[in-house]
Amino acid sequence: MSSAQVASSGSSARWFRTVAGSLSRSVETARDLLPRGHLLSDETWARRHRAVVLLLWAHVVAVFAFALLTDHDAAHGALEASVVAGAAMASQWGGFGRTMRAAAASFGLVSASAMFVHLSGGYVEAHFHFFVMIGVISLYQEWLPFLVAIAYVVVHHAVLGVVYPEAVFNHPAARANPLLWTAIHGAFVLGASLVSIIAWRFVEQQSLHDPLTGLPNRALFADRLNHAMAAAARSGKPLAVMYLD
């Protein structure tokens, strides 16, 4: 290999290392801007979960009643409500950890939104129920239930919008081009989600730092320590904590 080829190879390697380092820093910056999740105490989480489960059971009744009000028979209403009821029961099952129970509740709430949209014949106004439920789900301050809700909206609109557009959209333009309108609805849902994420990040920032000095508090220390212990357990490397008084 000539000296020119060696120099070119070294230059390419440096360029790749520079790009990889830049991407890594960008990912770290983006991760720092996002909420971490799973920082609620068990007591606070349980209190919020009880409220969400009550709301979920209320939706079981509401979906059945709405089916009757929109001239669907009782069997149809019971079938639609049973999906929400199943999610409500799963959200209360003790065999699940708190993240899975929250994910089940999230699935139930957005399923109720989908039922309202379907029973209404795809009315635009019924879609606003999705936005409200995503705000409720963000109270868990956990990523899995939040992402379950977002994924549900996208899949529901994209798949059902193509297979059975009358259950999702009530205007001809959307029924003729469901994928385009799925993207439009998805953009609106994403916009509403960003508001919830910003509020969630602000709450975390307030709970992890002293309000007067802005310095990290005990809760942040415990969170970082837990992450460090988990990383040490995965890698098998030793971990030490230095205490200075």
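Per-chain numbering applies: the sequence of each chain, read as written, is numbered from 1 onward. With pLDDT at 70 or above as the cut-off, local features in this predicted model cover only qualifying residues; side-chain atom pairs require 80 or more to be listed or tallied, and sums for whole chains, interfaces and linings still use all residues. The side-chain quantities take in all heavy atoms of the structure and omit both hydrogens and water.

K.L.:
Teacher, can you tell me more about the overall build of the chain here?
P.N.:
What counts as a helix is a DSSP run of H or I of at least four residues, what counts as a strand is a run of E of at least two, and both are numbered from the N terminus. Counting its secondary structure elements, the chain contains 9 helices and 0 strands. In sequence order, the secondary structure elements of the chain are arranged as α-α-α-α-α-α-α-α-α. Type-normalised accessible area, obtained with a 1.4 Å probe on protein chains alone, sets the label of each residue: buried when under 20%, exposed when over 50%, and partly exposed for intermediate values. Residue burial in the chain is summarised as follows: out of 245 residues, 33% are buried. Contacts are assigned to residue pairs that have any heavy atoms within 4.5 Å of one another. Looking at the chain alone, contacts between residues at least 24 apart form 67% of all its contacts between residues at least 6 apart. Within the structure as shown, the chain displays about 14600 Å² of accessible surface, and the carbon and sulfur contribution to it stands at 69%. The Shrake-Rupley method, run with a 1.4 Å probe sphere, supplies the accessible areas, and residue values consider only the shown protein chains as cover.

K.L.:
How should the pattern of salt bridges be read in this particular structure?
P.N.:
When their charged atoms lie close together, side chains carrying opposite charge are able to pair. We define a salt bridge as a side-chain nitrogen of Lys or Arg found within 4 Å of a carboxyl oxygen belonging to Asp or Glu. Per the counting criterion, the structure on display carries 2 salt bridges. Arg98 is paired through a salt bridge with Asp42; the nearest N and O atoms lie 2.9 Å apart. In this pair, Arg98 sits in helix α4 (residues 98-119) while Asp42 sits in helix α2 (residues 42-69), placing the two residues 56 residues apart along the sequence. Taking the relative accessible area as the measure of exposure, Asp42 reaches 59% and is therefore exposed. Glu142 is paired through a salt bridge with Arg98; the nearest N and O atoms lie 3.3 Å apart. Separated by 44 residues along the polypeptide, Glu142 in the loop between α5 (124-137) and α6 (143-163) and Arg98 in helix α4 bring together distant segments of the chain. Residue Glu142 shares its accessibility class with Arg98, and that shared class is buried. Through salt bridges with shared partners, one network takes in Asp42, Arg98 and Glu142.

K.L.:
Honestly, the confidence of the model for the chain in this entry has me stumped. Any pointers?
P.N.:
Per-chain confidence: the chain averages 82 in pLDDT, with 86% of residues scoring 70 or above. The predictor reports its confidence for every residue as pLDDT, a score running from 0 up to 100. When the elements of the chain are averaged for pLDDT, helix α1 (residues 3-33) gives the smallest value, 63, and helix α3 (residues 74-91) the largest, 94.

K.L.:
Is there a simple way to explain the packing of aromatic side chains in this structure?
P.N.:
Each aromatic ring pair is characterised by the separation of its centres together with the angle its planes make. Aromatic rings from Phe, Tyr and Trp, taking only the six-membered ring of Trp, are treated as a pair when their centres fall within 6.5 Å; an angle between ring planes under 30 degrees marks them as stacked, one over 60 as edge-to-face, and anything in between as tilted. Within the structure shown, the criterion is met by 6 aromatic pairs. A centroid spacing of 5.9 Å and a plane angle of 40 degrees characterise the contact between Trp45 and Tyr140, whose relative ring orientation is tilted. Residue Trp45 is found in helix α2, and its partner Tyr140 is found in the loop between α5 and α6; the two are separated by 95 residues along the sequence. Both residues of the pair, Trp45 and Tyr140, belong to the buried class.

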